[in-house]
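Fold and geometry: a report
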Amino acid sequence: MWLQKVLVPLLRLYLCGIKVLLYQMFNRSFTLPVLPKQNGRVAIVTGGTRGMGLATARHLAILGMHVIIAGNEREEGRAAVKNIHEGGCEGKVEFIFVDLTSLKSVQQFVQMFRARGLPLHVLVNNAGTMMVPEMQTVDGFEFHFALNYLGHFLLTNLLLDILKRSGRRGCCSRIVNMSSATHYAGVVEMEDLNRRVCYSSHGAYAQSKLALVLFTYYLQEQLTAGGFPVTVNAVDPGMVDTALYNNLWTLAQALKKPVAKILFRTPAEGASTTIYTAVASEMEGVGGCYVYNGQKTQSADLSYDSELQTKLWKKSCELAGLQEN
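Residues numbered from 1 in each chain as written. Predicted model: local features only at pLDDT ≥ 70, side-chain atom pairs only at ≥ 80, totals over all residues. Heavy atoms only, no water.

Comments concerning a nonpolar patch on the surface
For clarity, the threshold we go by: The residues that make up patches have over 30% relative accessible area and no salt bridge, and they are joined within 9 Å when like-charged or within 5 Å when they are Val, Leu, Ile, Met, Phe, Trp or Tyr. Only the protein chains shown count as covering a residue, and every accessible area follows the Shrake-Rupley method with a 1.4 Å probe. What makes a salt bridge here is a side-chain nitrogen of Lys or Arg within 4 Å of a carboxyl oxygen of Asp or Glu, nothing more. Going along the chain from the N terminus, every DSSP run of H or I of four or more residues is numbered as a helix, and every run of E of two or more is numbered as a strand. The rule is simple: take the accessible area with a 1.4 Å probe, protein chains only, and divide by the maximum for that residue type; under 20% is buried, over 50% is exposed, in between is partly exposed.
A grouping of Ile18, Leu22, Met25 and Phe26 is seen on the molecular surface, where their side chains present a nonpolar patch of about 440 Å² in accessible area. With respect to the helices, strands and loops of the structure, Met25 is situated in helix α1 (residues 2-26). Since its relative accessible area comes to 43%, Met25 is described here as partly exposed.

Pasting the structure below:
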């Protein structure tokens, strides 16, 4: 049991990491093309107080967007807003609190946003955590599953009607889900989504990132079938030098530091694919894709399993307290 549930996920995840580093060793980071101005449009960026989320929020604001940074650190949020404004931007930037590990907090955030009467053109589900020790959220969910996936699943579904109303043919609203190359090592344990039988932080993280890709493909299929002007894509930023790696084992931390300086992307480079997917003209009307280094890429074979997509969607609706559409 331990070998299958703990050691195998660890080895598979680190193998994914080695493959990404080899790619980054021989390939330059994606360079953003000239992007269209976004004046009058509204975006929500979760986890936008630092790292790639902050870089994303900053670039969208520079393009003229009204950016709402959603996060659970109020002081960091105020600092991020100040940082973006001081750097110069055409758009408005503000911070609104949300704890994505709490379903109630997500609901309260959506109620607050709805009360503003704003449209919503871009939703960037960026917030995430990695390799945290076993712990449960206030709702009893495994931490990676709740923060990386289920909180964003609920947030997206509660905002979906606004996204649908805000988009139009030729100018779709866009949802961008932050996945990772680790999803290739992921397995969705439908009978044990909270990983209580035998916990592995590596397995839990990879599962959450695979779940985001499965969610992306299923949701796009539903949106296309309904003829709604909304697209949803998953993005892979590569290996980026952010605080996400702070929970690595001590040895891994020591090995990571010199490697990161040479081979890891900067937060701005990591955010480039997210920004491109969120606003580039080339991505207008394009949905249901996995985008890596600015290119549409094949995701894990398992992510295309329509039966698994459906099962996960139904279970997620049940866990999040949503009525299945």
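Here the narrative resumes, following the displayed structure.
As for the packing of aromatic side chains
Which entries qualify depends on this criterion: Only Phe, Tyr and Trp rings are paired, with Trp represented by its six-membered ring, and only when their centres lie within 6.5 Å; those with planes under 30 degrees apart are stacked, over 60 edge-to-face, the remainder tilted.
Here the structure, examined in full by the defined rule, presents 11 aromatic pairs. With a centroid separation of 5.2 Å and an interplanar angle of 50 degrees, the aromatic rings of Tyr23 and Tyr292 are classed as tilted. With Tyr23 in helix α1 and Tyr292 in strand β7 (residues 290-292), this pair connects stretches of sequence that are 269 residues apart. Accessibility expressed as a relative area gives 29% for Tyr23, which makes it partly exposed. Seen in terms of ring centroids, Tyr149 and Phe153 are 5.8 Å apart; in terms of plane orientation they differ by 40 degrees. Their pairing is tilted. With Tyr149 and Phe153 both in helix α5 (residues 143-166), this residue pair falls 4 residues apart, about one helical turn. Judged on exposure class, the residue Tyr149 and its partner Phe153 are both buried. Taken together, the ring pairs in this structure connect Phe145, Tyr149, Phe153, Phe215, Tyr218 and Trp313 into an aromatic cluster.

Some points on unusual backbone geometry
Unusually for a residue other than glycine, Met131 sits at a positive phi of about 60 degrees. Judged by its relative accessible area of 7%, Met131 falls in the buried class. Unusually for a residue other than glycine, Asn293 sits at a positive phi of about 50 degrees.

Thoughts on empty space enclosed by the protein
Which entries qualify depends on this criterion: Note on definitions: the grid is 1 Å and covers protein atoms alone; a cavity is a set of points where a 1.4 Å probe fits but cannot get out; a pocket is an open set with protein on both sides within 12 Å along at least five of seven lines; lining residues have an atom within 4 Å of a point. Grid points are joined across faces, edges and corners, and a volume is the space filled by probe spheres set on the points. Just so you know the grouping, Ala, Val, Leu, Ile, Met, Phe, Trp, Tyr, Cys and Pro go in nonpolar, Asp, Glu, Lys and Arg go in charged, and all remaining residues, Gly too, go in polar.
Tallying each qualifying case throughout the model produces 4 cavities of 30 Å³ or more. As a volume, the largest cavity reaches approximately 60 Å³. Lining the largest cavity are 13 residues, with Pro237, Arg265, Glu269, Thr273 and Asn293 positioned closest to its centre. A per-element tally of the lining of the largest cavity places helix α8 (residues 267-279) first, with 4 residues. A per-class count over the lining of the largest cavity returns 3 nonpolar, 7 polar and 3 charged. As a volume, the second largest cavity reaches approximately 40 Å³. If you go around the second largest cavity, the residues you meet are Glu134, Met135, Gln136, Gly140, Phe141, Glu142, Asn194 and Arg196. Class assignment of the residues belonging to the lining of the second largest cavity gives a composition of 2 nonpolar, 3 polar and 3 charged.

A short note on the pattern of salt bridges
In total, this model carries 10 salt bridges according to the counting rule given. In this structure, Glu284 and Arg174 form a salt bridge, with 3.2 Å as the shortest nitrogen-oxygen distance. On the criterion of sequence distance, the pair formed by Glu284 in the loop between α8 and β7 and Arg174 in strand β5 (residues 173-178) is long-range, its members being 110 residues apart. Overall, the relative accessible area of 27% leaves Glu284 in the partly exposed class.

A short note on the environment of Arg174
The test is simple: What makes two residues a contact is simply this: any of their non-hydrogen atoms within 4.5 Å. Pairing of N or O atoms within 3.5 Å defines a polar contact, subject to two protein rules: one partner must be a possible hydrogen donor and the other a possible acceptor, and residues neighboring in sequence count only if both atoms are side-chain atoms.
What makes Arg174 buried here is its relative accessible area of 4%. When the C-alpha positions of Arg174 and Val279 are compared, they lie 8.1 Å apart, and in sequence the two are 105 residues distant. Those residues within four positions of Arg174 in sequence are excluded, and the remaining contacts are His121, Val122, Leu123, Leu163, Thr231, Tyr276, Thr277, Ala278, Val279, Ala280, Met283 and Glu284. A polar side-chain atom of Arg174 sits 3.2 Å from the main-chain carbonyl oxygen of Thr277.

Topic: the pairing of β5
Worth spelling out the cut-off: Any two strands between which DSSP finds at least two bridges are classified as paired. Here, the term right-handed applies to a crossover whose path from the first strand over the helix to the second runs clockwise when the strands point away from the viewer.
In terms of burial, β5 is a largely internal element, 6 of the 6 residues being buried. In β5, alternate side chains face the same way, and those of Ser173, Ile175 and Asn177 on one face and Arg174, Val176 and Met178 on the other are all buried. Alignment of strand β4 (residues 122-125) against β5, held across 4 bridges, turns out to be parallel. Its bridge partner lying in β5, Val124 is registered against Val176. For the handedness criterion, the β-α-β arrangement of β5, helix α6 (residues 201-226) and strand β6 (residues 230-236) is classed as right-handed.

This is a description of form; function is not addressed.
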